[in-house]
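Here's the letter readout for the chains.
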Amino acid sequence: MKQWIYPILIVIAASSYGILSTIIKLAIQDGFTAAEAVTSQYFVGFFIALLIFIVIKRQIPKFGGGYILILAGLFTATTGTVYGQAVQHMPASLAVVMLFQFTWVGMLFDCVANRRLPKRVEVISLIFLLGGTIFAAGVIDADLSGIPWQGWAWGMASAVSFASFVMINQRQVEGMGTETRLLFTSFFAAIAICFYQNPEIVWNGTLFAEGLWVYGLILGLFGIVVPIYLFSIAVPKVGTATASILSAMELPVAVTASVILLSEKLTILQVIGILIILFGMTLPTLAERKLRRRTS
């Protein structure tokens, strides 16, 4: 596979995360709770992963990788849970800004793990990303005085959790295919979500009898299967720092999805913020391509 395809896979994976908040809002409008929608995401996501494994592999899965897959599943479940807690304590737009601190947290993790200083282009890119996020999320005129410390803590925890998820996906499991990794990661995520959310939706009829499975199918596909599958392929190739920067695509997609599906208004400042984010995302890739041309 050509090297240029891996950044594209990261962008697609991050974009799939971007539609989740809108789908959860649609589920709430249909009478379900946010906790029920999130739980359906992990359970249905696991069943989709199981079907993919059965169709492609047609064998009994063999577990390997140990703590890598367990942590990947744990961070997958934890991110959605703590982000939901942040939304309960602060405006959703500000919670998004807090989540997007994963861009510099992921770079920090990468610098510590590889014992290096951040590259100049990475720092410049982060400045654009964080600035663009503030505009795109629409928090310029927000009143921050009444937000409790718990909101800031949960928001920062979501950033650290997501950055940890991206970083753990950099670790490859020797001899394990992507489908098997997806299966076990989604399984451990489904187990973890039982401690955080509402597992009773499976046996009380909410998931199947009341139609929650429709939202679970969309959430499971775009919140579990697509990102885990693509991240496990691409993150080892591009590294945690670059993957964190490219994952900023999640916010422009989230804003666009809310405008299209929820008829929310899009302001000029948000458009400017989205354009700044897109520019900041492309800087490391453009710099790397320029360096290759010089060395070739």
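Quick note: structure is the one above.
Residues numbered from 1 in each chain as written. Predicted model: local features only at pLDDT ≥ 70, side-chain atom pairs only at ≥ 80, totals over all residues. Heavy atoms only, no water.

(A) Quick look at the overall build of the chain. Along its length, the chain carries 13 helices and 0 strands. When the helices and strands of the chain are read in sequence order from the N terminus, they spell out α-α-α-α-α-α-α-α-α-α-α-α-α. Here the C-alpha atoms of the chain give a radius of gyration of 19 Å, agreeing with the 19 Å that 2.2 N^0.38 yields for 296 residues. Counting only C-alpha atoms, the chain reaches 60 × 50 × 35 Å along its principal axes. By residue count, 50% of the 296 residues in the chain fall in the buried class. Accessible area of the chain: about 14400 Å², with a carbon and sulfur share of 66%. Across the chain, the mean location of the 18 positive side-chain charges is 19 Å away from that of the 13 negative side-chain charges. (Helix = DSSP H or I, 4+ residues; strand = E, 2+ residues; numbered from the N terminus. Rg over C-alpha atoms; globule rule 2.2 N^0.38 Å. Buried < 20%, exposed > 50% of the residue type's maximum accessible area, 1.4 Å probe, protein only. Areas by Shrake-Rupley, 256 points an atom, 1.4 Å probe, with all protein chains shown as cover. Lys, Arg positive; Asp, Glu negative; His and termini not counted. Charge placed at Lys NZ, Arg CZ, Asp CG, Glu CD.)

(B) The arrangement of the environment of Phe231 in detail. Note that Phe231 resides in helix α10 (residues 212-238). For the pair Phe231 and Gly211, spaced 20 residues apart in sequence, the C-alpha separation works out to 30 Å. The contact partners of Phe231, leaving out residues within four places of it in the chain, are Ile10, Ala13, Ala14, Tyr17, Phe162, Phe165, Asn169, Pro236 and Ser247. (Contact = heavy atoms within 4.5 Å.)

(C) Structural context of the side chain of Thr206. Topologically, Thr206 is positioned in the loop between α9 (178-196) and α10. On the basis of relative accessibility, which here comes to 6%, the residue Thr206 falls in the buried class. Residues contacting Thr206, with those up to four places away along its chain left out, are Phe32, Glu36, Ile201, Gly211 and Leu212.

(D) Structural view of helix α6 (residues 102-114). Compared with the 18 Å implied by 1.5 Å per residue over 13 residues, the 18 Å span of α6 between its first and last C-alpha is a close match. For α6, every residue scored as buried is listed here: Phe102, Thr103, Val105, Gly106, Met107, Asp110 and Cys111. Looking at the residues trailing α6, positive phi occurs at Arg115, about 50°. (Expected span 1.5 Å × (residues − 1).)

Interpretation in functional terms is not warranted from these geometric data alone.
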